[in-house]
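Structural overview for review
Read off the chains here:
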Amino acid sequence: MASPHRSNSLFELLTTKLRNRDESTAILGRTGRRARRARLQDIRSKFESVPSAPERKICRWTFVFDPSGRLCYWWGFIVSLAFLYNFWVMIYRFAFQEINASNMATWFTLDYFCDALYLLDIAFHFRVGFLDEGVLQTDPRKLRKHYMNSTLFYVDCLCLLPLDFLYLSFGFKSVLRCFRLVKIYRFWAFLDHTERHTNYPNAFRTLVLMHYLFAIFHWNACFFFIVAQKISLVKEFYDHLQDEVEAADYVHNYLHSFYWSTSTLTLIGNLPRPRTKTQNLFFSVEMIFALLLFATILGHVANIVTNMGAARKDFQAKLDGVKTYMSLRRVPRHLQDCVALTRSWLSIQIELCKY
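Cut-off values and rules
- Within each chain, residues carry numbers counting from 1 in the order of the written sequence.
- Local features in this predicted model are restricted to residues whose pLDDT is 70 or higher, and side-chain atom pairs enter the listing and the counts only when it is 80 or higher, whereas totals over whole chains, interfaces and linings include all residues.
- The side-chain quantities take in all heavy atoms of the structure and omit both hydrogens and water.
- Helix numbering and strand numbering both begin at the N terminus, where a helix is a DSSP run of H or I of at least 4 residues and a strand a DSSP run of E of at least 2.
- Accessible area is worked out with a 1.4 Å probe on protein chains only. A residue is then buried under 20% of its type maximum, exposed over 50%, and partly exposed in between.
- Only heavy atoms matter for contacts: two residues are in contact if any of them lie within 4.5 Å across the pair.
- Surface accessibility follows the Shrake-Rupley procedure with a 1.4 Å probe radius. Residue values consider only the protein chains on display as shielding.
- For this analysis, a ring pair means two rings from Phe, Tyr or Trp (six-membered ring only for Trp) whose centres lie within 6.5 Å, classed as stacked if their planes differ by under 30 degrees, edge-to-face if by over 60, and tilted for the remaining angles.
- Consider the ring centre and the ring normal. A charge sits over the ring if Lys NZ or Arg CZ is within 6 Å of that centre and within 35 degrees of that normal.
- Here an angle of 0 to 180 degrees is reported between the N-to-C directions of two axes, which are lines fitted to C-alpha atoms, with helices fitted over the stretch in contact.
- By convention, the crossing between two helices is left-handed when the near helix turns anticlockwise from the far helix through less than a right angle, and right-handed when the turn is clockwise.
- Gly falls in the polar group here, along with every residue not listed as nonpolar (Ala, Val, Leu, Ile, Met, Phe, Trp, Tyr, Cys, Pro) or charged (Asp, Glu, Lys, Arg).
- Orientation labels follow simple angle bins: below 35 degrees gives roughly parallel, above 145 gives roughly antiparallel, 65 to 115 gives roughly perpendicular, and whatever is left gives oblique.
- The definition of a nonpolar core used throughout is a set of buried Ala, Val, Leu, Ile, Met, Phe, Trp, Tyr and Cys residues joined through side-chain atoms within 4.5 Å.
- Patch membership is restricted to residues that have no salt bridge and whose relative accessible area is over 30%. Joining uses 9 Å for like charges and 5 Å for the nonpolar side chains Val, Leu, Ile, Met, Phe, Trp and Tyr.
- Salt bridges, as used here, are contacts in which a Lys or Arg side-chain nitrogen is within 4 Å of a carboxyl oxygen on Asp or Glu.
- By this rule the span expected of a helix is its residue count minus one, scaled by 1.5 Å.

**Some remarks on the overall build of the chain**
The secondary structure content of the chain amounts to 15 helices and two strands. By the burial criterion, 30% of the 355 residues in the chain qualify as buried. Pairs at least 24 apart in sequence give 67% of the contacts found in the chain among residues at least 6 apart. As displayed, the chain has an accessible area near 24,600 Å², and 65% of this comes from carbon and sulfur atoms.

What follows is the structure, encoded as structure tokens:
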């Protein structure tokens, strides 16, 4: 039988161990709670330090434009208008009405306003992002390096070549601004972007085709008037003499030349017969160009007409395949009627989508 002293010692030892275990558990519990609390505070601090979507957009906002965004699209529209001004006016002034004292202020204001738009376009390109391995780059240094190492930078600089200073030596010659026409790539990019996003691509293609036709007639009319003064064709195509033509109304001369250009390039005929070798050569070149233009227009119009019915033809081909399949598989008549009703409904929906 164990002595009382030994029993007390064992009891005290067990009590001490239990107390130590409880203290260790309490310490571990407090430590665990402190760790969890610290971890929770750390997580909260991280989330609270991240600004919300509007704040983050404001804090990181820079002058970097998305190349496929609406701002780039409308800026391309403005630059295209500046190009069209140079494209239509430059050749007209060179052929019919060059800059003089009476219209100097108007023409110079329009010319250098378009040049300012060209200059702003260069600054705009320094802030247009680009895709690198599918990621839109917005770093200003990368954007600047990318644009200055591209061909477009040198093309844009060529557009602003200051040949206008040659006015001081050769007089007012609008043809010296011919490098402004190099900006045509911006006009083509705008047309391509509009055609891909418009709801009426065929109508837009028709409008672009009409613009190209009028532009060709316009340039050919100006070219005719320039050449006519050199090879004495003016007397045959105008109702007044050469000295009267120079003093005549510029609008009348232009409209008369435009009529002749339209008659020639559309192969209408009813033109005066050429008499000299130079006139024969000039008319031959015009007729060959008219044939090429007619063939190009015919092919373009045929392409537009084909695209107009392409969706319906594709839909009809699929329906014909469905009917053939049902006939071969002996599908029940009531099910074929259901398919026919569905086909009629889809046809109506396709027609409604056009409007």
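There's plenty left to go through after this.
**Structural notes on the environment of Gln229**
In this fold, Gln229 is placed in helix 9 (residues 201–231). For the pair formed by Gln229 and Ala95, sequence separation is 134 residues and the distance between their alpha carbons is 9.9 Å.

**Section: the packing of aromatic side chains**
The final tally for this structure, using the stated rule, is 30 aromatic pairs. With a centroid separation of 4.8 Å and 10° between ring planes, the pair formed by Phe65 and Phe124 is classed as stacked. Within this pair, whereas Phe65 is found in the loop between helix 2 (53–59) and helix 3 (70–95), its partner Phe124 is found in helix 4 (residues 104–125), the two being separated by 59 residues in sequence. Note on Phe124: relative accessible area 12%, which makes it buried. These aromatic residues form a ring-pair network of at least three members: Tyr92, Phe96, Phe214, Phe217, Phe225, Tyr254 and Phe258. Here Arg93 stacks its cationic end above the ring of Trp107, 5.0 Å away from the centre of that ring. Lying over the aromatic face of Tyr118, Lys183 brings its terminal NZ or CZ to 5.3 Å of the ring centre.

**Overview of the packing of helix 3 against helix 4**
Running from amino to carboxyl end, helix 3 crosses helix 4 at an angle of 145°, the nearest separation of the two axes being 10 Å. Between helix 3 and helix 4 lies a crossing of left-handed hand. Facing helix 3, whose interface residues are Cys72, Trp75, Ile78, Val79, Ala82, Phe83, Tyr85, Asn86, Val89 and Arg93, helix 4 presents Trp107, Leu110, Asp111, Cys114, Leu117, Tyr118, Leu120, Asp121 and Phe124. In the contact of helix 3 with helix 4, the residues fall into 15 nonpolar, one polar and three charged.

**What to know about the packing of helix 3 against helix 8 (residues 184–197)**
Following both chains from N to C, one finds helix 3 and helix 8 inclined at 135°, their axes separated by 8 Å at the closest point. Comparing the axis directions of helix 3 and helix 8 gives the class oblique. Note that helix 3 runs across helix 8; the crossing there is left-handed. Here helix 3 contributes Tyr73, Trp75, Gly76, Phe77, Val79, Ser80, Phe83 and Leu84 to the contact with helix 8, which in turn contributes Ile184, Arg186, Phe187, Phe190, His193 and Thr194. Classifying every residue of the contact of helix 3 with helix 8 gives nine nonpolar, four polar and one charged.

**Regarding the nonpolar core**
Core analysis: the biggest nonpolar cluster contains 27 residues, and Phe83 and Leu191 have the highest contact counts within it. Counting only elements with at least two residues in this core, the list comes to helix 3, helix 4, helix 8 and helix 9. Among the elements that line this core, the one with the most residues is helix 3, at 10 residues. Residues contacting Phe83, with those up to four places away along its chain left out, are Tyr118, Arg180, Leu181, Lys183, Ile184 and Phe187. Among the nonpolar cores identified, the runner-up in size contains 14 residues, and Leu213, Phe217, Phe225 and Tyr254 belong to it.

**Structural notes on a nonpolar patch on the surface**
Residues Leu267, Met287, Leu291, Phe294 and Leu298 make up a contiguous nonpolar surface patch of about 470 Å² in total accessible area. Following the sequence through the fold, Met287 ends up in helix 13 (residues 277–308).

**Digging into the pattern of salt bridges**
Pairing between side chains of opposite charge can happen when the charged atoms of each approach one another. By the definition in use, this model includes 12 salt bridges. A salt bridge links Asp156 to Lys183; its shortest N-O distance comes to 2.8 Å. Residue Asp156 is found in helix 6 (residues 151–159), and its partner Lys183 is found in the loop between helix 7 (167–170) and helix 8; the two are separated by 27 residues along the sequence. The pair Asp156 / Lys183 is uniform in exposure class, with both members buried. Because the salt bridges share partners, they merge into one network encompassing Arg93, Asp111, Asp115, Asp164, Arg177 and Arg180.

**Examining helix 4**
With 22 residues, helix 4 ought to run about 32 Å at 1.5 Å a step, and its terminal C-alpha atoms sit 32 Å apart, in line with that. Considered for burial, the residues of helix 4 that qualify are Trp107, Asp111, Cys114, Asp115, Leu117, Tyr118, Asp121, Ile122, Phe124 and His125. Summarising the contacts, the buried residues of helix 4 are in contact with helix 3, helix 5 (140–148), helix 6 and helix 8.

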